[in-house]
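# Tertiary structure, described
Given next are the chains, with one letter for each unit.
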Amino acid sequence: MKSTIYIKCPECRENGLLIERQGKYFCANCMYDYTQLNDDRSKLDEVLIENLQVKGFGPLFAIALYERVTLTPPLEARDYVFKLAEDNNNIEIMEPTSKLDLLKNPILLIFIVVFVIVIIGLALLSVYG
Ligand SMILES: [Zn+2]
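Residues numbered from 1 in each chain as written. Predicted model: local features only at pLDDT ≥ 70, side-chain atom pairs only at ≥ 80, totals over all residues. Heavy atoms only, no water.

On to the coordination of the zinc ion, then. Listed as protein donors to the zinc ion are Cys 9 (SG), Cys 12 (SG), Cys 27 (SG) and Cys 30 (SG); their distances from the metal cover 2.3 Å. Coordination at the zinc ion comes from four donor atoms whose angles at the metal span 106 to 112°, giving a geometry best classed as tetrahedral. Counting residues between consecutive donors of the zinc ion along the chain gives the motif C-x2-C-x14-C-x2-C. Here Cys 12 is found in the loop between β1 (6-8) and β2 (15-21), whereas its partner Cys 30 is found in the loop between β3 (24-27) and α1 (41-52), with 18 residues between them in sequence. Exposure remark for Cys 12: the relative accessible area of 22% places this residue in the partly exposed category. Judged by its relative accessible area of 31%, Cys 30 falls in the partly exposed class. (Donors = N, O, S within 2.8 Å, 3.2 Å for Na, K, Ca; no water. Tetrahedral: all angles 85-135°; square planar, octahedral: opposite > 155°, others 65-115°. Helix = DSSP H or I, 4+ residues; strand = E, 2+ residues; numbered from the N terminus. Buried < 20%, exposed > 50% of the residue type's maximum accessible area, 1.4 Å probe, protein only.)

In structure tokens:
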């Protein structure tokens, strides 16, 4: 499966496209070999943390990188990266963009709609009741 993953590279410091060559993963900018991080997990954590702080898809890319470098199943990789975020100043990976995203939360939206309907209902009751 081809995928488009950008990782902030520890070598060239660019947000480089992650490319695969013969089962290894490289930075498209400088050909830094991410596969070597499998033998240097503390360095891998550093790279993951740095990418967790990248706005937007940073956390997703961090999970994808961990999954590929360590050959960990997706759910396990996700758990690991979430735990890592928690252990490092609670990096907010659920809200990568802004607080406005709260309005896109369907449960909250339903709550607001129900709340408005109740208010309108009460207003109508007080007028006609
Ligand atoms: Zn690079």
